[in-house]
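So the chains spell out like this:
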Amino acid sequence: MKKLMIVVLTAVTIMGMSAQVFAADSYIHKSNPADIIEDAFPISNSAPKDVDINKVVICGKNIELGRNGVLIYKGKIMVPLTTTAESLGFKVEADKENKIISLDNGKIKINLYVGTDEYFYSSNDPDTMVLEIMHKLGAETIKVDNVVYVPINLYNEIFNNKKTVGSFFVRNKDGEWIYSVNGELQTKWKLINNKWYFMNNNGIMQRGWVQTNGNWYYLLNNGEMALSTVTPDGYKVDQNGKWDGNPASRVNQNPDALDIINPIEGFDTIDEAQKALKFKVTVPKELLGKYNIKYINTISRDLFQICYISKQSDIIFRMGQDTQDISGDYNNYKTNNVVNINGSNVKLKGDDNLIKVAVWSVNNMSYSISVNDGMKQDDIINIIKSTF
């Protein structure tokens, strides 16, 4: 059961999205579903494995987008302008009608116009001094739900480097995963960290069965192509990922079946989730009335998680049987403290004097709290105390 839980958690957790840069192998992988040679993409993110972390990489910096996500518009990856520009040191100002947006970092000045595919660029940097010049990006600046979005390749242009935008998985506003290589939306088969993924013509990462070149392939819940295994619906795939053409060996005898076993179940209330679990659910009393509930889930009916939401931050509380780390966050943080709370050792991890992850065990039960924007140590300790 421990191994199963680790696999399931890995399938729903990004495992950092800010891990060190890896490179896909440049040789032809032995399982090549499209019978093609892929370029070696330097990427900064592992496969998508969490519904809670959502980052893009610009100038080597991981920028958290939160609930806004990205948009796909006219084939371009669109990102929230204010969030990304301010994270890169730009001062962002808009006119009264929010139609003209100005960016200024002391050296570079940009004017963007909502509804038009053009921006004006000027620089007073002695090394790259440029008078005002108009550029186009292939899609106009747009405003959705009062958030201004721009093509992410804007940053490649203004920093004059086609690799300013990194390569990464990121979610769109509908929660679907896409993959970017230096700001360009990817489609079809892609070899990433020596694993094959398939994105449809709209750039959306696929799960379950896909058919290409006359063959069927099965994609796991984290998007990876299954190899040398039996799929959840009972079909065998070989070392190249191809279905062997035989009927299902178990679960479903229909060769056309496309069922996908999803270990995550959603519930409307804590009481409903409790009925699906073998252990008693407790939640942080400190959060009651202060945060709204975003979602309530169980994972393989062995783990309970609830996401609280406020204007400041999202907080995810998890609990499950056994004593392993169930946070799903495997980032390397600068801060790694251990504090004793009510007789239990609690691991606190974070950066810049803010705690982002807390993990502890009590009576053969594991607990974790994850805060996407971080929280002061005293505040998260108070939340932990309210679970006892």
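Residue positions are given per chain, counting from 1 as you read along its sequence in written order. Per-residue local features of the predicted model are confined to residues with pLDDT of at least 70, and side-chain atom pairs are confined, for both listing and counting, to 80 or more; whole-chain, interface and lining totals are unaffected and use all residues. As a rule here, side-chain values cover all heavy atoms of the structure and leave hydrogens and water aside.

1. Structural notes on unusual backbone geometry
The phi dihedral of Lys188 falls on the positive side, at around 65 degrees, and the residue is not glycine. Only runs of H or I of at least four residues qualify as helices and only runs of E of at least two qualify as strands under DSSP, and these elements are numbered from the N terminus. Looking at the secondary structure, you find Lys188 in strand E17 (residues 188–192). Judged by its relative accessible area of 42%, Lys188 is partly exposed. Phi at Ser228 is positive, roughly 50 degrees, even though this residue is not glycine. Turning to its location among the elements, Ser228 is positioned in the loop between strand E20 (215–219) and strand E21 (229–230). Think of it in three bands: with a 1.4 Å probe and only protein chains considered, a residue is buried below 20% of the maximum accessible area for its type, exposed above 50%, and partly exposed in between.

2. A look at the pattern of salt bridges
Opposite charge on two side chains makes pairing possible when the charged atoms of those side chains draw close. A carboxyl oxygen of Asp or Glu within 4 Å of a side-chain nitrogen of Lys or Arg is what we treat as a salt bridge. Enumeration over the complete set of coordinates arrives at five salt bridges. Residue Lys74 pairs with Glu140 through a salt bridge whose shortest N-O separation is 2.9 Å. Here the residue Lys74 occupies a position in the loop between strand E5 (71–73) and strand E6 (76–80), and Glu140 occupies one in the loop between strand E11 (130–135) and strand E12 (142–144), the gap between them amounting to 66 residues. Here Glu140 falls in the buried class, since its relative accessible area comes to 15%.

3. Concerning the sheet that holds E5
Between any two strands, at least two bridges found by DSSP are needed for them to pair. In spatial order, the strands read E5-E6-E13-E12; together these four strands make up an open sheet with antiparallel pairing. Each edge of the sheet is formed by a strand with only one pairing partner; in this case those strands are E5 and E12. Strand-to-strand, the axes of this sheet are offset by a mean angle of 40 degrees, without reference to chain direction. The sheet contact formed by E12 and strand E13 (residues 147–151) spans three bridges and is antiparallel. Working convention: axes come from line fits to C-alpha atoms, limited for helices to the stretch in contact. Angles between N-to-C directions cover 0 to 180 degrees.

4. Remarks on the confidence of the model for the protein
Along the chain, pLDDT gives the predictor's confidence residue by residue, from 0 to 100. Averaged over the protein, the pLDDT score is 78; the fraction of residues at 70 or greater is 78%. Per-element confidence in the protein ranges from a low mean pLDDT of 28 for strand E1 (residues 22–23) to a high of 93 for E6. The model gives residues 251–261 a pLDDT under 50, and that stretch makes 26 contacts with residues more than four places away or in other chains. Any two residues whose heavy atoms approach within 4.5 Å are treated as being in contact.

5. What to know about the pairing of strand E29 (residues 354–362)
Looking at chain direction, strand E28 (residues 344–351) and E29 are connected through five bridges and run antiparallel. Considered in E29, the bridge of Asp351 is made with Leu354. As consecutive antiparallel partners, E28 and E29 are separated by two residues, and within that stretch Asp352 has a phi angle of approximately 55 degrees, a positive value. The turn linking E29 back onto strand E30 (residues 365–375) is made up of two residues, and Asn363 within it adopts a positive phi angle of 50 degrees.

6. As for the sheet that holds strand E16 (residues 184–185)
Read across the open sheet, the three strands follow the order E14-E15-E16; overall the sheet is antiparallel. Looking at the sheet topology across the chains shown, the edges are occupied by strand E14 (167–171) and E16. The pairing of strand E15 (residues 177–181) with E16 spans two bridges and is classified as antiparallel. By the bridge assignment, Ser180 is partnered in E16 with Leu185.

7. Considerations on the pairing of strand E9 (residues 108–113)
Judged by which residues are buried, E9 turns out to be one-sided: Ile108, Ile110 and Leu112 face inward and are buried, whereas Lys109, Asn111 and Tyr113, on the alternate face, are not. As judged from the five bridges shared by strand E8 (residues 100–104) and E9, these two strands associate in the antiparallel manner. Across the sheet, the residue bridging to Asp104 is Lys109, located in E9. Connecting E8 to the next strand, E9, in antiparallel fashion are three residues, including Gly106 with a positive phi near 95 degrees. Where E9 lies against strand E10 (residues 119–123), five bridges are found, and the strand directions are antiparallel. Each bridged residue has a counterpart across the sheet, and for Lys109 the counterpart in E10 is Ser122. Hairpin geometry of E9 and E10 is characterised by an intervening segment of five residues between the two adjacent antiparallel strands and by a positive phi of about 95 degrees at Gly115.

8. Notes on the packing of aromatic side chains
In summary, the pairing rule links any two rings of Phe, Tyr or Trp, Trp by its six-membered ring, whose centres are within 6.5 Å, and it sorts them by plane angle into stacked for under 30 degrees, edge-to-face for over 60 and tilted for everything else. In this structure the tally under the stated criterion is 12 aromatic pairs. The rings of Trp189, Trp196, Phe198 and Tyr217 are connected pair by pair, giving a single aromatic cluster.

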